[in-house]
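# Coordinate inspection notes
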Amino acid sequence: MSLSAENRQDIRHNWTLQEAQALLNLPFNDLLFRAQSMHRRYFNPNDVQVSTLLSIKTGACPEDCAYCPQSARYDTGLEKEKLLEVQAVIEKAKAAKAAGSDRFCMGAAWRSPRNKDMPYVVAMVKGVKALGLETCMTLGMLDEEQSQQLAKAGLDYYNHNLDTSPEYYGEIITTRTYADRLGTLANVRNAGMKVCSGGILGMGESPQDRASLLVQLANLPQHPDSVPVNQLVKVAGTPLEAEQDLDPIDFIRVIAAARIMMPASRVRLSAGREQMSEEMQAMCFFAGANSIFYGECLLTTPNPAANKDQALLHKLGINRDHRVTAAPSTLETLLTAGNDTEQTLFYNAAQA
Ligand code: SAM
Ligand code: DTB
Ligand code: SF4
């Protein structure tokens, strides 16, 4: 069987809950072996993609997401900030580029952007892109027109997480529905932007909920180009402040299953790294995580210091991937068309 034919079979959109559960329940070594083998067919196993996050509008959000320090409904002591000036955002992006980031992600504590906010966020996208950085935004729900506006401005990625399974969702958020989230993802995709969508683990969900979230993500019309897997950052004042810790082994299992179910997507070891040991992060990279947030702050909570991350990556022999790679959505199109050019886009472990 040719490499392209094998790869075609890897990319599936018909995952069942039983299959996802069976993956998560494999003996740990079997699961990690399968995940690492899949990883090597699509990516250089020693590369991670590095993004920097900036909160462009902080706190006072009307939504009730139970995990979130930025909801106006919970007293988390967070100092709110209105939308930053465009130039201030561009300065932060310059610093991120100088520190070696490939992608600059801008997040706003909004339910959705108001139309009067759009010219400012459009200017931010244009300004950051002009620096030669990939751009990503997460601004809440988007309608078709807002998605078109951002795509036209040159926004590369839009982050909008499904967060958890459809079954557990109502325990976590009541102010927007799962269908709303899927609608935003469709608008983003239809406007031609790359989709970044994942979830949060450790919110009291069951193993079945974790499998069900993975099935939702993998069965989207196209796999998200990036899949952030966040570990809940427990913030005092939020309803989930005292949630029980998730077993690190169960977290790593989800990373591995995500790699197997969405082979060509970047799986991001996202929030929660500050609370993880180096060994746990190393296992996540082995399981197929190949993207991280870099820099001392996520949106409002701490992330490992840059020098600590540099030391960890150095110890593991992991390089930052500075190539702007073809999006998996493009790869999928090529594969479906049976076009041979994918040979040049894949990292071939056999020739490494
Ligand atoms: N307001 C927009 C929205 O919710 O779509 C964008 C910003 S919101 C902070 C982006 C994502 O951050 C959420 O969907 C959630 O997955 C993640 N997040 C927020 N608080 C978190 C926490 N305490 N721990 C882990 N992830 C968190
Ligand atoms: C995502 O999945 N994780 C990032 C990003 N998308 C925007 C956000 C994590 C936020 C963690 C809590 C905070 O710092 O406020
Ligand atoms: Fe608002 Fe986003 Fe936080 Fe939910 S996750 S409360 S929408 S900032």
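Every value quoted in this text rests on a predicted model; they were computed, and no experiment measured them.

Let us look at empty space enclosed by the protein. Using the criterion set out here, one finds two cavities of 30 Å³ or more in the structure. In this structure, the largest cavity encloses a volume near 830 Å³. Considering the residues around the largest cavity, the lining is formed by 40 residues, among which Tyr67, Cys68, Gln70, Asn161 and Leu299 are closest to the centre. Listed by contribution, the elements that provide at least two residues to the lining of the largest cavity are strand E2 (103–108), strand E3 (134–138) and strand E7 (226–231). Considered class by class, the residues forming the lining of the largest cavity number 22 nonpolar, 13 polar and five charged. Its boundaries defined by the atoms lining it, the second largest cavity holds a volume of some 50 Å³. Contributing to the lining of the second largest cavity are Gly198, Gly199, Leu201, Leu213, Leu214, Leu217, Val227, Val229 and Val254. If you list the elements that add at least two residues to the lining of the second largest cavity, you get strand E6 (199–201), helix H9 (207–218) and E7.

Moving on, we come to the site of ligand 3. Lining the immediate surroundings of ligand 3 are Cys61, Glu63, Cys65, Tyr67, Cys68, Ser71, Ala109, Trp110 and Arg176. With respect to the detected pockets, ligand 3 is housed in the largest cavity. Looking at the shell around ligand 3, its residues break down into six nonpolar, one polar and two charged.

In this fold, Asp156 is placed in the loop between helix H6 (144–153) and strand E4 (157–159). Looking at Asp156, the relative accessible area reads 15%, which means it is buried. Reaching out from Asp156, the side chain makes a polar contact with the side chain of Lys129 at a distance of 3.0 Å. A distance of 2.9 Å separates a polar atom in the side chain of Asp156 from the backbone nitrogen of Thr135. When neighbours within four sequence positions are excluded, Asp156 is seen to be in contact with Lys129, Leu133, Glu134, Thr135, Met193 and Lys194.

This part covers the site of ligand 1. Neighbouring residues of ligand 1: 17 residues in total, closest Tyr67, Thr138, Asn161, Asp163 and Val233. Contacts to ligand 1 include Tyr67, whose backbone N or O atom sits 3.0 Å from a nitrogen atom. Protein chains bury 91% of the 560 Å² of accessible surface belonging to ligand 1 in isolation. When atom positions are compared with the pocket grids, ligand 1 is found to occupy the largest cavity. Residues belonging to the shell around ligand 1 are distributed by class as follows: nine nonpolar, six polar and two charged.

For the rest of this paragraph, the subject is the environment of Leu213. Its place among the elements puts Leu213 in helix H9. Accessibility expressed as a relative area gives 5% for Leu213, which makes it buried. Excluding its chain neighbours within four sequence positions, the residues that come into contact with Leu213 are Leu162, Asp163, Thr164, Ser165, Tyr178, Gly198 and Gly199.

Turning our attention to the environment of Pro166. Looking at where Pro166 falls in the secondary structure, it is placed in the loop between E4 and helix H7 (169–172). Judged by relative accessible area, which is 30%, Pro166 ranks as partly exposed. On a C-alpha basis, the gap between Pro166 and Tyr178 in space is 6.4 Å, while along the polypeptide they are twelve residues apart. Sequence-distant contacts of Pro166, that is, excluding residues within four places in its chain, are made with Tyr178, Ser212 and Gln216.

One number sums up the size of the second largest pocket: a volume of about 340 Å³. The class makeup of the residues in the lining of the second largest pocket is seven nonpolar, one polar and seven charged.

This next bit is on the side chain of Arg268. Tracing the backbone shows Arg268 in strand E8 (residues 266–269). Buried Arg268, no salt bridge; nearest opposite-charge side chain is Glu134, N-O distance 7.7 Å. Within the structure, the side chain of Arg268 is placed 2.9 Å from the side chain of Ser291, a separation counted as a polar contact. Those residues in contact with Arg268, other than ones at most four positions away along the chain, are Gln49, Ser51, Arg103, Cys196, Ser226, Val227, Pro228, Val229, Ser291, Ile292 and Phe293.

This paragraph deals with the pairing of E2. When you tally the buried positions in E2, you get six out of six residues, the bulk of the element. Residue alternation in E2 divides its side chains into two sets, Arg103, Cys105 and Gly107 and Phe104, Met106 and Ala108, and both sets are buried. Sheet analysis places strand E1 (residues 47–57) next to E2, joined by six bridges and oriented parallel. Bridging from a neighbouring strand, Ser55 pairs with Gly107 of E2. Handedness of the crossover is the feature at issue here: the chain leaves E1, passes through helix H4 (residues 86–98), returns alongside E2, and the resulting connection is right-handed. As paired strands, E2 and E3 are joined by five bridges and run parallel to one another. Pairing of Cys105 across the sheet is with Cys136, part of E3. Once the chain exits E2 it traverses helix H5 (residues 118–129) before rejoining the sheet at E3, and the crossover so formed is right-handed.

Conventions we followed
For every chain, the first residue of its written sequence is number 1, and the numbers climb from 1 along that sequence. As a convention, the first chain written is A and the first ligand written is 1, with the rest following in written order. Selection of residues for local features in this predicted model requires a pLDDT of at least 70, selection of side-chain atom pairs for listing and counting requires 80 or more, and totals for whole chains, interfaces and linings are taken over all residues. Water and hydrogen atoms were dropped before computing side-chain values, which therefore reflect all heavy atoms in the structure. With a 1 Å grid spanning the protein atoms alone, the term cavity applies to any set of points in which a 1.4 Å probe fits but cannot get out, the term pocket to an open set with protein on both sides within 12 Å along at least five of seven lines, and the term lining residue to any residue with an atom within 4 Å of a point. Grid points are joined across faces, edges and corners, and a volume is the space filled by probe spheres set on the points. Per the convention used, a helix needs a DSSP run of H or I reaching at least four residues, while a strand needs a run of E reaching at least two, with both numbered from the N terminus. Residues are grouped as follows: Ala, Val, Leu, Ile, Met, Phe, Trp, Tyr, Cys and Pro are nonpolar; Asp, Glu, Lys and Arg are charged; every other residue, Gly included, is polar. One heavy atom within 4 Å of a molecule or strand is enough for the residue carrying it to be called near that molecule or strand. What decides whether a molecule sits in a cavity or pocket is whether more than half of its atoms lie within 2 Å of the grid points. Each residue is placed in one exposure class: buried if its accessible area under a 1.4 Å probe, protein chains only, is under 20% of its type's maximum, exposed if it is over 50%, and partly exposed if it falls in between. Under this definition, polar contacts are N or O atom pairs within 3.5 Å; protein pairs additionally need one hydrogen-donor-capable and one acceptor-capable atom, and for neighbouring residues in sequence, both atoms have to be side-chain atoms. The contact criterion used is simple: two residues touch if any of their non-hydrogen atoms lie within 4.5 Å. Per-residue and other accessible areas follow the Shrake-Rupley method at a 1.4 Å probe size, with only the shown protein chains counted as cover for residues. Charged residues are defined narrowly, with Lys and Arg counted positive, Asp and Glu counted negative, and His plus the chain ends left uncounted. The working definition used for a salt bridge is a side-chain nitrogen of Lys or Arg within 4 Å of a carboxyl oxygen of Asp or Glu. Any two strands with at least two DSSP bridges between them are considered paired. Handedness of a crossover is defined as follows: with both strands directed away from the viewer, a clockwise route from the first strand across the helix to the second makes it right-handed.

The values reported here are purely geometric and, on their own, carry no functional implication.
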